[in-house]
Amino acid sequence: MEKKTATNPLWTRDFTIITAGSVVSMFGNSMAGFAMSLMVLDFTGSTMLYAIYLMTFTIPQLIVPIISGAILDRFSRKKMIYSLDYLTAAIYVLVAVILGSGHFHFPLFAIFTFIIGCINSIYMVAYDSFYPLLITEGNYSKAYSIASVLETMAAFMIPVATFLYNQVGLAPLMIGNGICFFIAATLETRIGAEEEYIQKQKKSAEGDQLNSVSRVFVDIKEGFRYLASEKGLLAIAVYFLFSSLAGGATNVVALPYFKDSYANGEYIFMLVMGMSMLGRGVAGSVHYKKKLPTKYKYVIALSVYITIGILEGTVLYLPIWLAMTFMFCTGIGGVTSYTIRVSATQSYVPDEKKGRFNGAFQVLSTSGALIAELTAGALSYVLGPREIQLFFNLMCVLAAILIIGGNKKHVEKIYNRDM
């Protein structure tokens, strides 16, 4: 494997371009996304309406990824990626102009968020299915450790976003985000990788009498059939439905909790949650330089799943310094399990099935987030944020033990491989 890494450099022209484009768009999105959350909370003052705002972004991800996944296994993922980035740039600038004119109201913002959610649903399937094609053999783990470090770096723009939001408002940040997406799209048009899976799909469809719409529905069924036939992949996907339940609940209750409990609570929120990003950055840097031992990847992942559920479930009960420590640990564990899971599944699934697998996986994960956002918002009327977060994370711990632990043979086969 060392020889493969030496003869197959990771930093090819195409991988460098996709990474540069990701950096630009992630930085812009981090600033605008958090500022949007602050604006909704400031404008409505309601945890329930904040949950509805989150749901308008999440709902499209229930249906759109399945359809787009089937389509993207037959058409160019690269063209879809840069086309959506150009479209997103235009939408952000348009909405910024509307906000700048003083015509903000919650329903309009919810519609905008829904549209962006639809675009993001398609984009994530396209990106997740195209990105592995730009990674040279033997470099999957290293490439996904880079992706996690980039996400961490982007998260450090959140304090900048908070400062700028308080100084100049949301509209200038959205214009900046539109510019970032435009630059990213322009970079992505320069990627030269051949999408060979398209030809494979065309050959497989020769003599097919189905029309385009029928073909999409058949592909969707085949995607779920493939997932069901792979018990290890199915167990991983179902577990992450529960993981998304915990994440969705945290998204709803954490920021309002800190804003209500502390003066300048949004800064305390960033301080605590930012430690998770710091942990991710540290772990990602380590994984870039050193691979995890292959035979222990499954055990490491399962242990991390359980540990993160316990730490995140209890973090709101702790003093700030201990909460920061816990979140730093969850960041280290999170990027470790992410690197194992994504590099394993994306190298395991055939190229011509990646779109359908990623679409199905995203729908299951989104279902968990949506259920949690709605439920946590409703429960906020009768339970405190700490109890809500603890409940959902303990459910996630139980799911890790029963689903990942109970399907050891099948999940281990996927995780414990050299990539």
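About the thresholds
- Numbers given for residues are sequential positions, taken from 1 along each chain in its written order.
- Restriction of local features to residues with pLDDT of at least 70 applies here, the model being predicted, together with a cutoff of 80 or more for giving and counting side-chain atom pairs; totals for whole chains, interfaces and linings are based on all residues.
- To obtain the side-chain values, all non-hydrogen atoms of the structure were included, while hydrogens and water were left out.
- Each helix is a run of H or I in the DSSP string that is no shorter than four residues. Each strand is a run of E no shorter than two, and both are numbered from the N terminus.
- Buried residues are those whose accessible area, probed at 1.4 Å on protein chains only, stays under 20% of the maximum for their type, while exposed residues exceed 50% and partly exposed ones sit between those limits.
- The contact definition used throughout considers only heavy atoms, calling two residues in contact when any of these lie within 4.5 Å.
- Note on areas: Shrake-Rupley, 1.4 Å probe, and residue coverage restricted to the protein chains presented here.
- Axis lines are fitted to C-alpha atoms, over the contacting stretch for helices. Their N-to-C directions set the angle, which ranges from 0 to 180 degrees.
- Roughly parallel means an angle under 35 degrees; roughly antiparallel means over 145; roughly perpendicular covers 65 to 115; every other angle is labelled oblique.
- Classification used: nonpolar for Ala, Val, Leu, Ile, Met, Phe, Trp, Tyr, Cys and Pro, charged for Asp, Glu, Lys and Arg, polar for all others including Gly.
- A pairing counts as a salt bridge when a side-chain nitrogen of Lys or Arg comes within 4 Å of a carboxyl oxygen of Asp or Glu.
- Take the buried Ala, Val, Leu, Ile, Met, Phe, Trp, Tyr and Cys residues and link them wherever side-chain atoms come within 4.5 Å; each set so joined is a nonpolar core.
- A crossing counts as left-handed when the near helix is turned anticlockwise from the far one by less than a right angle, and as right-handed when that turn is clockwise.
- In this scheme, patches are assembled from residues that exceed 30% relative accessible area and form no salt bridge. Like charges are connected within 9 Å, while nonpolar side chains (Val, Leu, Ile, Met, Phe, Trp, Tyr) are connected within 5 Å.

J.: Could you give an account of the overall build of the protein, with specific residues and numbers?
T.: Across its full length, the protein carries 18 helices and zero strands. Burial status across the protein gives 54% buried among its 419 residues. Here the analysis covers contacts within the protein between residues at least 6 apart in sequence; of these, 89% occur between residues at least 24 apart. With an accessible surface of roughly 18000 Å², the protein has 67% of that area assigned to carbon and sulfur atoms.

J.: I'd like a description of the packing of helix α12 (residues 231-261) against helix α18 (residues 408-415), backed by residues and values.
T.: Viewed as axis vectors pointing N to C, α12 and α18 meet at an angle of 95 degrees, and their least axial separation amounts to 7 Å. As judged from the angle between their axes, α12 and α18 are roughly perpendicular. Taking contact as the criterion, the partners of K231, G232, L233, A235, I236 and F240 in α12 are, on α18, H410, V411, I414 and Y415. For the contact of α12 with α18, a count of residues per class yields seven nonpolar, two polar and one charged.

J.: With reference to specific residues and values, describe the pattern of salt bridges.
T.: Taken as a whole and judged by the stated rule, the model has one salt bridge. Its salt-bridge partner being R13, residue D14 comes within 3.7 Å of it at the nearest N-O pair. A residue is classified by how much of its surface remains accessible, and D14, at 15% relative accessible area, is buried.

J.: Account for the nonpolar core, with residues named and values stated.
T.: In terms of nonpolar packing, the biggest core is built from 103 residues, with F112, Y131, L170, M174, Y239 and Y415 touching the most fellow members. Of all the elements, α12 adds the most residues to this core, at 16 residues. If we skip the residues at most four places from it in the chain, M174 touches M36, Y92, V95, A96, L99 and F112.

J.: Please set out the packing of helix α6 (residues 106-130) against helix α16 (residues 354-379) residue by residue, giving values where relevant.
T.: Viewed as axis vectors pointing N to C, α6 and α16 meet at an angle of 135 degrees, and their least axial separation amounts to 9 Å. One element, α6, and the other, α16, form an angle in the oblique class. Our pair here, α6 against α16, has a crossing hand that is right-handed. Facing S121, M124, V125, D128 and S129 of α6, the residues of α16 in contact are K354, G355, N358, G359 and Q362.

J.: So what about a nonpolar patch on the surface? Which residues, and what values?
T.: Residues Y86, I175, I179, F182 and I183 make up a contiguous nonpolar surface patch of roughly 440 Å² in combined accessible area. If one sorts the elements of the nonpolar patch by residue count, helix α9 (residues 170-188) sits on top with four residues. Secondary-structure assignment places I175 in helix α9. Accessibility expressed as a relative area gives 36% for I175, which makes it partly exposed.

J.: Explain the side chain of S129 residue by residue, including any values.
T.: Relative to the helices and strands, S129 resides in helix α6. Of the residues examined, S129 reaches a relative accessible area of 0% and is grouped as buried. If we ignore the near neighbours within four places in the chain, the residues touching S129 are R77, K354, G355 and N358.

These figures come from the coordinates and say nothing about function on their own.
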